[in-house]
Amino acid sequence: MSRMAPKARSFGTEVAVATTARSTLSIFAHSRGVLSLLMEKVIIVGSGCAGLTAAIYAARANLSPLVLEGRQPGGQLSTTTLVENFPGFPDGIDGPQLIMNMHQQAETFGARFSYSEVTDFEPRNNHVRIKADDEWLETQALIVASGASARWLGLEDEQKLVGHGLTSCATCDGAFYKNVPVCVVGGGDSAAEEALFLTRFASKVYLIHRRDKLRASKIMGDRVFANKQIEPIWNTVVTKYVPDEKGEMRAVRLRNVNTNEERELPVACVFVAIGHEPNTKAYQGKLETDPDGYLITRHLAESKHPGVFIAGDVADRIYKQAVTAAGSGCAAAMDAEKYLSGLET
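Residues numbered from 1 in each chain as written. Predicted model: local features only at pLDDT ≥ 70, side-chain atom pairs only at ≥ 80, totals over all residues. Heavy atoms only, no water.

**A few points about the confidence of the model for the protein chain**
Averaged over the protein chain, the pLDDT score is 89; the fraction of residues at 70 or greater is 89%. Considering only residues more than four positions removed or in separate chains, one finds that residues 14-19, a stretch of pLDDT under 50, has 2 contacts. For residues 23-35, every residue scores under 50 in pLDDT, and the model assigns this stretch 0 contacts once sequence neighbours within four places are set aside. (pLDDT = per-residue confidence, 0-100. Contact = heavy atoms within 4.5 Å.)

The following block contains the structure:
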């Protein structure tokens, strides 16, 4: 049995098919263009020294970055007193003022700001999706500069007492405790700085540390020991907060780690300064982290996902300085700009 030859299509049919194909491709290309217009070029998560430096560089490159400031706008610098080691300020500068200056500088070049907090993250093949509060946003490039948050002691009723005689920020709350005894928990530079700052207001500052010497730098330790208003309490931990009948801090329960002797120390406020936790919850299992949750970078600012860059204390567990955070923010923005330029070619 002979097979019938396939029916030839007319010239008009061929033209119609080709026109339909071209129209489909045109619609697809148009849709892709519309999506590109709706998508952010760069989103920066965090508004500390790293995030704001990235914003300045990205804005100067005409990328119109969107900065998500999160739950602690300004990062750790916003809760710091005098910054003496940031280049260009021979007399030092207050941390909050430095942050305000950087914020204004980024805005001048076209950066946009939102108080949204990132709660989820989805890397895609050619872009990134992040969930900011309850809204999903899409961006071609992402710079994670979410920093780190204060670490607490983990004692009973701790969160209930925050703001009621329990805080991690002497700059924010120190002025509320004039002429009353307070304590600082910790032994590093942050604890030493907090204690020194509090001597401006409190009648007495107890510096409680679980070891027999400070971990702070020598210059900060010398300042602490020279201040008669500060009394170190060595080899001791806080085991309990003691509130009054109104729910305000009245005292802390202390235990000597060598003798197990316990006593109560009357204080009006406890300032916890025992370090920070990297703000990486949204990226766990999706970006590489070390055992303590710090993000792992490649070539200074790159992550394992194309288009996702990392800057600041969210990845820095060693230096933790404003100037190193600024440098990494610069690197992340420049790498993001280079990445986006590659997408256009």
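**Digging into helix α8 (residues 322-344)**
Side chains three or four residues apart in an α-helix point the same way, a direct result of the helix having 3.6 residues per turn. Taking 1.5 Å per residue as the helical rise, α8 with its 23 residues ought to reach 33 Å, and the 33 Å between its terminal C-alpha atoms agrees with that figure. Within α8, the full set of buried residues consists of Ala-322, Ala-325, Ala-326, Ser-328, Gly-329, Cys-330, Ala-331, Ala-332, Ala-333, Ala-336, Tyr-339 and Leu-340. Turning to α8, the residues buried within the fold contact β1 (40-45), α2 (49-60), β8 (135-144) and β19 (308-310). (Helix = DSSP H or I, 4+ residues; strand = E, 2+ residues; numbered from the N terminus. Expected span 1.5 Å × (residues − 1). Buried < 20%, exposed > 50% of the residue type's maximum accessible area, 1.4 Å probe, protein only.)

**Some details on the sheet that holds strand β17 (residues 269-272)**
The 5 strands lie next to each other as β10-β17-β11-β12-β13, forming an open sheet whose pairing is parallel. Strands at the two margins of the open sheet, each flanked by one partner only, are β10 (166-167) and β13 (230-233). Note that strand β11 (residues 181-185) and strand β12 (residues 204-208) share 5 bridges and pair parallel. Counted as the bridge partner of Val-185 is Ile-208 from β12. Lying on the sheet, helix α6 (residues 189-198) is in contact with β11, β12, β13 and β17; it crosses β11 at an angle near 165 degrees. (Pairing = 2+ DSSP bridges. Axes fitted to C-alpha atoms, helices over the stretch in contact; angles between N-to-C directions.)

**Looking at the state of the cysteines**
Following the criterion strictly, the structure yields 0 disulfides and no others. No disulfide involves Cys-183; its sulfur sits 7.8 Å from the nearest other cysteine sulfur, which is in Cys-269. (Disulfide = S-S within 2.5 Å.)

**Overview of the packing of α6 against helix α7 (residues 218-226)**
α7 packs onto α6 with a crossing angle of 35 degrees between their chain directions and a minimal axis gap of 10 Å. For α6 against α7, the interelement crossing comes out left-handed. The segment α6 lies against α7, with Asp-189, Ala-192, Glu-193 and Leu-196 engaging Met-220, Arg-223 and Val-224. (Left-handed = near helix turned anticlockwise from the far one by under 90°.)

**Quick look at the sheet that holds strand β15 (residues 249-256)**
Taking strand neighbours across the sheet as the criterion, the 3 strands line up as β14-β15-β16 in an open arrangement whose pairing is antiparallel. Edge strands, defined here as strands with exactly one partner in the open sheet, are β14 (236-243) and β16 (262-266). Put simply, the sheet's adjacent strands are angled 30 degrees from each other on average, direction ignored. Inspection of the sheet shows β15 paired to β16 by 5 bridges, in the antiparallel sense. Along β16, the bridge assignment pairs Arg-253 with Glu-264.

**Section: the side chain of His-103**
Tracing the sequence through the fold places His-103 in helix α3 (residues 95-108). With residues up to four places along the chain from it excluded, the contact list for His-103 reads Leu-52, Glu-69 and Phe-113.

**Topic: the nonpolar core**
It is characteristic of soluble globular proteins that their nonpolar side chains tend to be buried jointly. Among the nonpolar cores identified, the biggest contains 36 residues, and Val-42, Ile-44, Cys-49, Leu-77, Ala-141, Ile-143 and Phe-309 are the most heavily contacted of them. Examining the composition of this core, we find that 9 residues originate from one element, α8, more than from any other. Those residues in contact with Leu-77 that lie beyond four places of it in its chain are Cys-49, Val-83, Gly-95, Pro-96, Leu-98, Ile-99 and Ala-322. In this structure, Ala-192, Ala-195, Ala-202 and Val-205 belong to the second largest nonpolar core, which totals 22 residues. (Core = buried A, V, L, I, M, F, W, Y, C linked by side-chain atoms within 4.5 Å.)

**Remarks on the packing of α2 against α3**
Following both chains from N to C, one finds α2 and α3 inclined at 25 degrees, their axes separated by 8 Å at the closest point. Classified by the angle between their axes, α2 and α3 sit roughly parallel to one another. Relative to α3, the crossing made by α2 is left-handed. Mapping the contact onto sequence places Cys-49, Leu-52, Thr-53, Ala-55, Ile-56 and Ala-59 in α2 and Ile-99, Met-102, His-103, Gln-105 and Ala-106 in α3. Class assignment of the residues belonging to the contact of α2 with α3 gives a composition of 8 nonpolar, 3 polar and no charged. (Parallel < 35°, antiparallel > 145°, perpendicular 65-115°, else oblique. Nonpolar A, V, L, I, M, F, W, Y, C, P; charged D, E, K, R; others polar.)

**Concerning the packing of aromatic side chains**
For the coordinates displayed, the defined rule picks out 6 aromatic pairs. Each ring, one from Phe-86 and one from Phe-89, has its centre 6.3 Å from the other, and the planes form 45 degrees; the classification is tilted. Here Phe-89 falls in the partly exposed class, since its relative accessible area comes to 28%. For the ring pair Phe-121 and Tyr-283, a centre distance of 5.3 Å and an interplane angle of 65 degrees mean the geometry is edge-to-face. (Phe/Tyr/Trp six-rings, centres within 6.5 Å; stacked < 30°, edge-to-face > 60°.)

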